[in-house]
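What follows is the residue order along each chain.
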Amino acid sequence: MNKQNYDLIVVGAGHAGCEAAAAAANLGSSVLLITMNMGTIAQMSCNPAMGGVAKGQIVREIDALGGYSGIITDKTMIQFRMLNKSKGPAMWSPRAQSDRWLFSQEWRLALERTPNIDFWQDMVKELLVKDGRVHGVKTGMGMEFHSKAVVLTNGTFLNGIIHIGKKQFGGGRMAESASFGITEQLVSLGFESGRMKTGTPPRVDGRSLNWAAMEEQAGDELPGKFSYTDTKPLTKQRSCYITYTNNAVHETLKEGFEDSPMYSGRIQGLGPRYCPSIEDKINRFAERERHQIFVEPEGWDTVEVYVNGFSTSLSHEIQEKALRQIPGFERVKMFRPGYAIEYDFFQPTQLKSTLETHRIENLYFAGQINGTTGYEEAAAQGIMAGINAHLKVAEKEAFTIDRSEGYIGVLIDDLINKGTEEPYRMFTSRAEYRILLRQDNADIRLTEKSNKIGLASDERLKNVQEKIAQTEQIIRAFHKTSITPDEINARLEEKDTPVLPQNYKLFQLISRPQLLIEDLSGLPTVDAIIHNKTPEALLQAEILMKYEGYIEKEKEMADKMKKLEHIRLLSDYNYQGLPSLSKEAREKLSKLRPATLGQASRISGVSPADISVLLVHFGR
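Residues numbered from 1 in each chain as written. Predicted model: local features only at pLDDT ≥ 70, side-chain atom pairs only at ≥ 80, totals over all residues. Heavy atoms only, no water.

Describing the nonpolar core
- By size, the foremost hydrophobic cluster in this structure holds 101 residues, and its most contacted members are Leu152 and Leu363.
- For this core, the leading source of residues is helix H9 (residues 375-393), giving 11 residues.
- With near-sequence residues (within four places) excluded, Leu363 lies in contact with Leu127, Val134, Val150, Leu152, Leu186, Phe191, Leu355, Glu356 and Thr357.
- Counting residues in each nonpolar core, the second largest holds 23 residues, with Ile475, Leu492, Leu509 and Ala537 among its members. (Core = buried A, V, L, I, M, F, W, Y, C linked by side-chain atoms within 4.5 Å. Buried < 20%, exposed > 50% of the residue type's maximum accessible area, 1.4 Å probe, protein only. Helix = DSSP H or I, 4+ residues; strand = E, 2+ residues; numbered from the N terminus. Contact = heavy atoms within 4.5 Å.)

Quick word on the packing of aromatic side chains
- The tally for this structure, following the rule as stated, stands at 10 aromatic pairs.
- Relative to Phe618, the ring of Tyr573 has its centre 5.0 Å away and its plane inclined at 75°; by these criteria the two rings are edge-to-face. Taken together, the positions of Tyr573 in the loop between helix H17 (548-565) and helix H18 (583-592) and Phe618 in helix H20 (residues 608-618) put the pair 45 residues apart, joining distant regions of the chain.
- For Tyr573, a relative accessible area of 16% corresponds to the buried category. (Phe/Tyr/Trp six-rings, centres within 6.5 Å; stacked < 30°, edge-to-face > 60°.)

Some details on the pairing of strand S1 (residues 5-11)
- For S1, a buried count of six out of seven residues is recorded, marking the element as mostly surrounded by other parts of the structure.
- By the bridge criterion, six bridges tie S1 to strand S9 (residues 144-152) in an arrangement that is parallel. In the strand pairing of S9, Val11 is matched with Leu152.
- The pairing of S1 with strand S2 (residues 31-35) spans four bridges and is classified as parallel. (Pairing = 2+ DSSP bridges.)

Considerations on a negative patch on the surface
- A surface patch of negative charge is lined by Glu548, Glu552, Glu556 and Asp559.
- Owing to a relative accessible area of 51%, Glu556 belongs among the exposed residues under this scheme. (Patch = residues over 30% accessible without salt bridge, like charges linked within 9 Å, V, L, I, M, F, W, Y side chains within 5 Å. Areas by Shrake-Rupley, 256 points an atom, 1.4 Å probe, with all protein chains shown as cover. Salt bridge = Lys/Arg side-chain N within 4 Å of Asp/Glu carboxyl O. Lys, Arg positive; Asp, Glu negative; His and termini not counted. Charge placed at Lys NZ, Arg CZ, Asp CG, Glu CD.)

What to know about the packing of helix H11 (residues 442-453) against helix H12 (residues 458-480)
- At their nearest, the axes of H11 and H12 sit 9 Å apart, and the two run at 145° to each other. Note on packing geometry: the crossing formed by H11 with H12 is left-handed. On H12, the residues that touch Asp443, Ile444, Thr447, Glu448 and Asn451 of H11 are Asp458, Arg460, Leu461, Val464, Lys467 and Ile468.
- Of the residues belonging to the contact of H11 with H12, the class tally is four nonpolar, two polar and five charged. (Axes fitted to C-alpha atoms, helices over the stretch in contact; angles between N-to-C directions. Left-handed = near helix turned anticlockwise from the far one by under 90°. Nonpolar A, V, L, I, M, F, W, Y, C, P; charged D, E, K, R; others polar.)

Section: the environment of Lys553
- Mapped onto the elements of the fold, Lys553 is located in helix H17.
- Residue class for Lys553 comes out exposed when judged on its relative accessible area of 57%.
- Distance from Lys553 to Tyr433, taken between C-alpha atoms, is 9.9 Å for residues 120 residues apart in sequence.

Written as structure tokens, this is what we have:
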């Protein structure tokens, strides 16, 4: 029998819950992780992949902090690709196809091996709240567990409803029951809730597909990885494939629109704009003759295949008929149809920057309960909620990441200041300092910060310090060392870049877009510098030299904005009593209670003139 008292209870064992539990436990808190099904811990409910544009940066940041997502992805991936390599390094984003079953299994084993974590399989139906503070939870079986803090990571389970054509039934995922009670209690306590929708495509039998009719998409020739630890890179990979819809597919799908829960009004929740269902795509982009479909294997040994790009809630008959008109799918057999799911969320403007709620002390929200979509966004919130719940219980200073330090900082700042009316997804375009927030330097940005609170290990910090030292050695040497025309001109001609008329510093040479450090290897002058340097340090040095001007400019911008972040605002200040502010600013500031002037400046409806008023008032 579990003990009854814990430092922290985490409700839900999806990506957010797992990272929250691991972080708090590794920091020293006693943790109870409550899940409705021990067999679906960290299940990849949708696509069997981690990372992607901006999301890959988030996974590397979680790893840099000492989280598990990057390590487990490396252990279970079946393919790795670095996206956007044709663009600048600010846009490079790692992405991995994962073995769905191995991923869940490795997460469970990692949690079981983490001291301080207990497990309980049950549904949480009520929070124990007294005098504005949470004290534990009550479960469907009538068990009461007490704690100093609670993290809610309920995913899509809160009053979840699954839709397939005219059919609808309660559920948090296919074949799993929904969760009831928490929404109603939180609303009675004054929280603002809403409904959102997400969807998933059909899963099909790979043995029934004609792979030869599709375009193969192999992994990188030299596959990378996510974790900054010594996880092993892939030595073999599985390919994905690409095919396309066509007009025949679109016409078939339209046959099901009459019974579609989206178009009949049965679904009230708002769906993700950037990951629309296939019926939404052909409706919104009627001028397009085809849409891309990514055909993704679910693991090393299974025949199950994920049809990425074909998310739908149409009837299973229409789904099957339409699929069979896609090249390569003529004889497709479905394992299960796609479906839409509607669920409750809570406006994240009701949270502090630590993800603690304003209304109930020591209660934290993380993941889809905050209106986000995606494993990576959920995991990022989970680790931050777990860290901050531990620190609060231990009566230590809160841990936050600002917008110039990480995509995690951008994510949380956007949520708590702007809220969201549709499932929030991270993009590189959301970050104003994306040249600083690259996937290659997440360890440099965040590991020391995490080590100071005791999460990232001393070994991780030592590795980062060695990487920084090697990077600085390379840059110094490139600034000091000259190369002669005789040494280099033949190579410059090969690279179609102007030859040297005289001796040049290596730094001037590597600034050319046509040249990489690896293009100069084999030259005695260069080899003497790069000998015994790690690939990570070489890449870091190359980026810092090539983009020096851009990086410095962004740092200056970030430093200017940070001055506003240091001006604290009183949590109980009466903004209504400051008539110099606009009416909208008074209302928004009173409701959202920003902690700093910088945070206030990013609230929709608070103008630069309002910030000037606050600067005079609080910046004296």
